[in-house]
Amino acid sequence: MIRKTQTINPLQIPVPQFHKLILGSVSPRPIAFASTIDKDGKPNLSPFSFFNAFGVNPSTLIFSPSRRGRDNTTKNTFENLKEVAEVVINMVTYDMVEQANLASSDYPKGINEFVKAGFTPIESEMVRPFRVNESPVQYECKVRDIIETGDQGGAANLVICEILLMHVDENVLDESGMIDPDKIDLVGRMGGPWYCRTTGDSKFKISKPGEKLGIGIDALPEQVRHSPVLTGNELAKLGGLQNLPESNEVDAMRSSNEVKKIFDESEDILTGIHSHAKQLIQKGEVYEAMKVLMTY
Ligand SMILES: Cc1cc2nc3c(=O)[nH]c(=O)nc-3n(C[C@H](O)[C@H](O)[C@H](O)COP(=O)(O)O)c2cc1C
């Protein structure tokens, strides 16, 4: 069934309204806690969730201290970067998010948000802005370019940063030296007042498609593709298999007790078979599930 949608042309609704729709739908967003200084060496610290990583060679982060929607003024961070093209991007964790939120207050230029929001500045090695001691990952960056996407309120100023140094707290690493998501406990910004954590049950694993290509959902038998029981996610797991089971494997499955029982006792055999396959998929036994499905 085709989804019933509202179709919105961003040029035909007020900018603040579209801004809110973007914030709620391009979500959750990581948060760059950007430390800058002005030409007189005065520090500034503000969070920005129009932010992401875009490459690793050279290592590139981009964030946007945008033009204010309400009066089209620019932010202190943007002005500082025009004076000193260096920034430390600190990642924001659950333990520090309220303080980061406080640092987002509209303090006038020259007011030091390290002091206002109670963060500890520590000297960087390759750039002049300070690092935030409370953050477990701090990127010292030089600004390669700033792209101003417009001159009206709400326009982005894309600050293209090259990472010169990364500092990472050893306590957030696992045995193989990689970031452990439960230990780092990052937060994401969503729409309105909403944030999310990235630990515990909020996260789940997906194995990367292997080098050998999966058969694809289009190669599944029609009764499977149009399953009344299986979801798109479950069909995708089946489509990731490298081959369909051979007919002798399917025959063996057809004579298994569980499948025989469904054929003998179910009023709706298709639903019974698909429900059994669904349980196997949920246990990670995807190939077995495919054999079950092909018994029908
Ligand atoms: C979590 C969070 C994310 C934010 N993301 C952005 C953003 O991506 N772009 C932006 O212009 N302002 C963003 N803001 C608002 C700025 O932090 C705020 O305008 C701040 O006062 C700018 O500080 P400055 O003038 O010292 O640079 C965000 C605020 C919070 C709390």
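Thresholds, definitions, all that
Residues numbered from 1 in each chain as written. Predicted model: local features only at pLDDT ≥ 70, side-chain atom pairs only at ≥ 80, totals over all residues. Helix = DSSP H or I, 4+ residues; strand = E, 2+ residues; numbered from the N terminus. Rg over C-alpha atoms; globule rule 2.2 N^0.38 Å. Buried ≥ 20, exposed ≤ 12 C-beta atoms within 10 Å, placed from the backbone. Contact = placed C-beta atoms within 7 Å. Pairing = 2+ DSSP bridges. Near = placed C-beta within 6 Å. Axes fitted to C-alpha atoms, helices over the stretch in contact; angles between N-to-C directions. Parallel < 35°, antiparallel > 145°, perpendicular 65-115°, else oblique. Left-handed = near helix turned anticlockwise from the far one by under 90°. Nonpolar A, V, L, I, M, F, W, Y, C, P; charged D, E, K, R; others polar.

Colleague: Break down the overall build of the protein chain for me, with residues and values.
Modeller: Helix and strand counts for the protein chain stand at eleven helices and eleven strands. In terms of overall size, the protein chain is more extended than a compact globule, its C-alpha atoms giving a radius of gyration of 26 Å where 296 residues would be expected to give roughly 19 Å. The C-alpha extent of the protein chain, read off along each of the three principal axes, is 80 × 50 × 30 Å. In the protein chain, which comprises 296 residues, the proportion classed as buried is 27%.

Colleague: Tell me about helix α11 (residues 286-293), and name the residues and values.
Modeller: Of the positions making up α11, those classed as buried are Ala-289, Met-290, Lys-291, Val-292 and Leu-293. Of the surrounding secondary structure, the elements contacted by the buried residues of α11 are α6 (222-225), α7 (232-239), α8 (247-254), α9 (257-265) and α10 (269-282).

Colleague: Describe the pairing of strand β2 (residues 43-48), and please don't skip the residues or the numbers.
Modeller: Counting buried positions over the six residues of β2 gives six, a clear majority of the element. With burial as the criterion, each face of β2 is covered, one bearing Pro-43, Leu-45 and Pro-47 and the other bearing Asn-44, Ser-46 and Phe-48. Where strand β1 (residues 32-37) lies against β2, six bridges are found, and the strand directions are antiparallel. Bridging from a neighbouring strand, Ala-32 pairs with Phe-48 of β2.

Colleague: Break down the site of the ligand for me, citing the residues and quoting the values.
Modeller: In the vicinity of the ligand, 17 residues are found, and the nearest of them are Ser-46, Phe-50, Asn-76, Thr-77 and Ser-104. For the shell around the ligand, the element with the highest residue contribution is β2, accounting for four residues.

Colleague: Any details on the sheet that holds strand β3 (residues 51-56)? Residues and values, ideally.
Modeller: The seven strands lie next to each other as β2-β1-β5-β8-β9-β4-β3, forming an open sheet whose pairing is antiparallel. Each edge of the sheet is formed by a strand with only one pairing partner; in this case those strands are β2 and β3. Within the sheet, the average angular offset between the axes of one strand and its neighbour, ignoring direction, is 30°. Bridge analysis of β1 against strand β5 (residues 86-91) gives four bridges, and the strand direction is antiparallel. Its bridge partner being in β5, Ala-32 is matched across the sheet by Met-91.

Colleague: If you had to explain the environment of Pro-181 to someone new, which residues and values would you point to?
Modeller: Here Pro-181 lies in helix α5 (residues 181-184). Taking C-alpha positions, Pro-181 is 28 Å from Val-127, a pair spaced 54 residues apart along the chain. When sequence neighbours within four positions are dropped, the list of residues in contact with Pro-181 reads Thr-198, Thr-199 and Lys-203.

Colleague: Describe the packing of α9 against α10, and please don't skip the residues or the numbers.
Modeller: Interaxial distance between α9 and α10 falls to 8 Å at its minimum, and their mutual angle equals 155°. As the angle between them shows, α9 and α10 are arranged roughly antiparallel. For the crossing formed where α9 meets α10, the hand is right-handed. Each of Glu-258, Ile-262 and Phe-263 in α9 lies in contact with α10, whose residues at this interface are Ile-269, Gly-272, Ile-273 and His-276. Residue classes in the contact of α9 with α10 are distributed as four nonpolar, two polar and one charged.

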